[in-house]
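Working through the structure, step by step
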Amino acid sequence: MKWQGLINQYKEFLPVNENTPLVSLYEGNTPLIKSLNLSKELGIDLYFKFEGLNPTGSFKDRGMFMAIAKAIEEGSDTIMCASTGNTSASAAAYGARYGLRTIVLIPDGYIAMGKLAQALQYGAQVVAIQGNFDDALNLVKEITESHPITLVNSLNPYRIEGQKTGAFEIVDDLGDAPDYLAIPVGNAGNITAYWKGFKEYKEAEKSTRLPKMKGYQAKGASPIVEGHPFENPDTVATAIRIGNPASWDKALAARDESGGSIKAVTDEEILAAYKLLSNQEGIFAEPASAASLAGVIQSVKNGDIEKGARVVCILTGNGLKDPDTCLESAVKPQSIPANLESVLKLIEG
Ligand code: F0G
């Protein structure tokens, strides 16, 4: 059957009733890509869930369709979020499609160019604040509590409901849950959602087991790992540049209930994994997404993930969103005269 979006595919697991509109940009159904090269090097059975292939290029669409459907059902006409970029792009797209006014608060200067372009192109009202994501989220919480505006950050429980379908798709593809689920952690909504999804699918007897949840934060923005909020979070992975995650407690619950861990990876490890994904697997994911692979490499090295284990890495966003980070480290092409001699000279080195 032709794919018709998550609300159609997983209706029985979602808060859908006869008044819920069938909101969809045909999100979900993203590929679980089996690693060809890194799995051999690492000695594990490795898969990549490439969420960068969602309609706005990140996993946020998986939660946004549900938040928007419920907002419309409840009669809301305005949505608002704080964002490091991807949530704003997703909210703006669904807001545009369903005629909602969309307002997004972003940390000025700390969002990848592609994400800013998306929010503007979809027609959202984009407000750049001179502060970080945590400041933006505090403002949005305050405003949406006192105005008839729907908050569509992952504090909105419908976002989590939608995002849990990522776990369903992994089990549907593999036939059961993997040994480990590796996932980048920022505001901690996604690790919360995946854990909920794995538990619900097991209860429904769609799987026989649960994975150990392996969350990875960027070292410069690792409040959960360090056990205290970061006032000035800092990392090359701007998507997870967050100092005080909203779903902190739920991330700890996912970690502890599953027997997993939440660890930090350095920017160097993130950028190395970012390159490996592209050079070794042909997958262009954004830096924050590469935190999951960076974490797996670290965990295999220190014996935290054993050889032979089946591991799924969530690659949360598309690399095309952040051309600047890529081009900063890339070797630029050489410009030469347009003749055979010059080209042959260059390629024959
Ligand atoms: N990866 C990417 C590409 C993200 O955009 C985010 C979060 C995460 C990982 C972390 O997910 O917050 O659920 O733990 N981006 C949010 C945003 C904060 O505004 O787009 P999380």
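Residues numbered from 1 in each chain as written. Predicted model: local features only at pLDDT ≥ 70, side-chain atom pairs only at ≥ 80, totals over all residues. Heavy atoms only, no water.

Three or more residues of helix H11 (residues 248-258) are buried, namely Trp248, Ala251, Ala254 and Ser258. Taken down its axis, H11 places every buried residue within 125° of arc, on the same side. On its buried side, H11 packs onto helix H9 (189-203), strand S8 (212-218), helix H10 (223-226) and strand S9 (261-265). One or two steps after H11, the chain reaches Gly259, where phi turns positive at roughly 75°. (Buried < 20%, exposed > 50% of the residue type's maximum accessible area, 1.4 Å probe, protein only. Helix = DSSP H or I, 4+ residues; strand = E, 2+ residues; numbered from the N terminus. Arc of directions from axis to C-beta. Contact = heavy atoms within 4.5 Å.)

Sequence positions flagged by UniProt for "binding site: pyridoxal 5'-phosphate" (unreviewed entry) are, in local numbering, Asn86, Gly186, Asn187, Ala188, Gly189, Asn190 and Thr316. A stretch of 231 residues holds the annotated residues, and the largest C-alpha distance among them is 14.3 Å, short enough that they meet in one place. Residues that both appear in the annotated list above and line the largest cavity are Asn86, Gly186, Asn187, Ala188, Gly189, Asn190 and Thr316. Counting through the fold element by element, Gly189 comes out in helix H9. Once you skip the residues sitting within four places of it in the chain, Gly189 turns out to touch Ser154, Ile160, Gln163 and Ser247. Following the sequence through the fold, Thr316 ends up in the loop between strand S10 (310-315) and helix H14 (323-329). Sequence-distant contacts of Thr316, defined by excluding residues within four places in its chain, comprise Glu51, Gly52, Gly57, Ser58, Phe59, Pro184, Asn190, Ala288 and Ser289. (UniProt positions renumbered as here; feature names shortened; annotations may be inferred. 1 Å grid on protein atoms, 1.4 Å probe; cavity = no way out; pocket = protein on both sides within 12 Å on 5 of 7 lines; lining within 4 Å.)

The next point concerns empty space enclosed by the protein. All told, the structure shown has 1 cavity of 30 Å³ or more when counted by the stated rule. Taken as a whole, the largest cavity spans an internal volume of roughly 320 Å³. If you go around the largest cavity, you meet 27 residues; those closest to its centre are Phe59, Lys60, Asn187, Ala239 and Ile240. Broken down by secondary-structure element, the contributors of at least two residues to the lining of the largest cavity are helix H4 (86-97), helix H7 (157-163), H9 and helix H13 (287-301). (Points joined across faces, edges and corners; volume = space filled by probe spheres on them.)

With that settled, consider helix H3 (residues 60-73). Taking 1.5 Å of rise per residue, the 14 residues of H3 would be expected to cover 20 Å, and the 20 Å separating its terminal C-alpha atoms lies within 8% of that figure. Summarising burial for H3: 12 of the 14 residues are buried, a large majority. Among all positions in H3, only Lys60, Asp61, Arg62, Gly63, Met64, Phe65, Met66, Ala67, Ile68, Ala69, Lys70 and Ala71 are buried. Following H3 by one or two positions, Gly75 adopts a phi angle in the positive range, close to 85°. (Expected span 1.5 Å × (residues − 1).)

Judged by side-chain polarity, Leu340, Val343, Leu344, Leu346 and Ile347 come together as a nonpolar surface patch covering roughly 470 Å² of accessible area. Assignment of secondary structure puts Leu340 in helix H15 (residues 340-347). Looking at Leu340, the relative accessible area reads 65%, which means it is exposed. (Patch = residues over 30% accessible without salt bridge, like charges linked within 9 Å, V, L, I, M, F, W, Y side chains within 5 Å. Areas by Shrake-Rupley, 256 points an atom, 1.4 Å probe, with all protein chains shown as cover. Salt bridge = Lys/Arg side-chain N within 4 Å of Asp/Glu carboxyl O.)

Attention now goes to the site of the ligand. Close to the ligand lie 19 residues; Ser83, Gly186, Asn187, Ala188 and Thr316 are nearest. The contact in question runs from an oxygen atom of the ligand to an N or O atom on the backbone of Thr84, over 2.8 Å. At 2.8 Å from an oxygen atom of the ligand is found a main-chain nitrogen or oxygen belonging to Gly186. Burial of the ligand by the protein chains amounts to 99% of its free accessible area of 480 Å². Assessed atom by atom at 2 Å from the grid points, the ligand resides in the largest cavity. At the level of secondary structure, the elements contributing two or more residues to the shell around the ligand comprise H4 and H9. Of the residues in the shell around the ligand, the class split is 7 nonpolar, 10 polar and 2 charged. (Near = heavy atom within 4 Å. Polar contact = N/O pair within 3.5 Å; in protein donor to acceptor, adjacent residues only side chain to side chain. Sits in = over half its atoms within 2 Å of the grid points. Nonpolar A, V, L, I, M, F, W, Y, C, P; charged D, E, K, R; others polar.)

Attention now moves to the packing of helix H8 (residues 165-174) against H9. In the contact formed by H8 and H9, the axes pass within 7 Å of each other and the chain directions differ by 50°. If you check the angle between H8 and H9, you find them oblique. The hand of the H8/H9 crossing is right-handed. Here H8 contributes Gly166, Ala167, Phe168, Ile170, Val171 and Asp172 to the contact with H9, which in turn contributes Tyr194, Gly197, Phe198, Glu200 and Tyr201. Among the residues making up the contact of H8 with H9, the classes are represented as 7 nonpolar, 2 polar and 2 charged. (Axes fitted to C-alpha atoms, helices over the stretch in contact; angles between N-to-C directions. Parallel < 35°, antiparallel > 145°, perpendicular 65-115°, else oblique. Left-handed = near helix turned anticlockwise from the far one by under 90°.)

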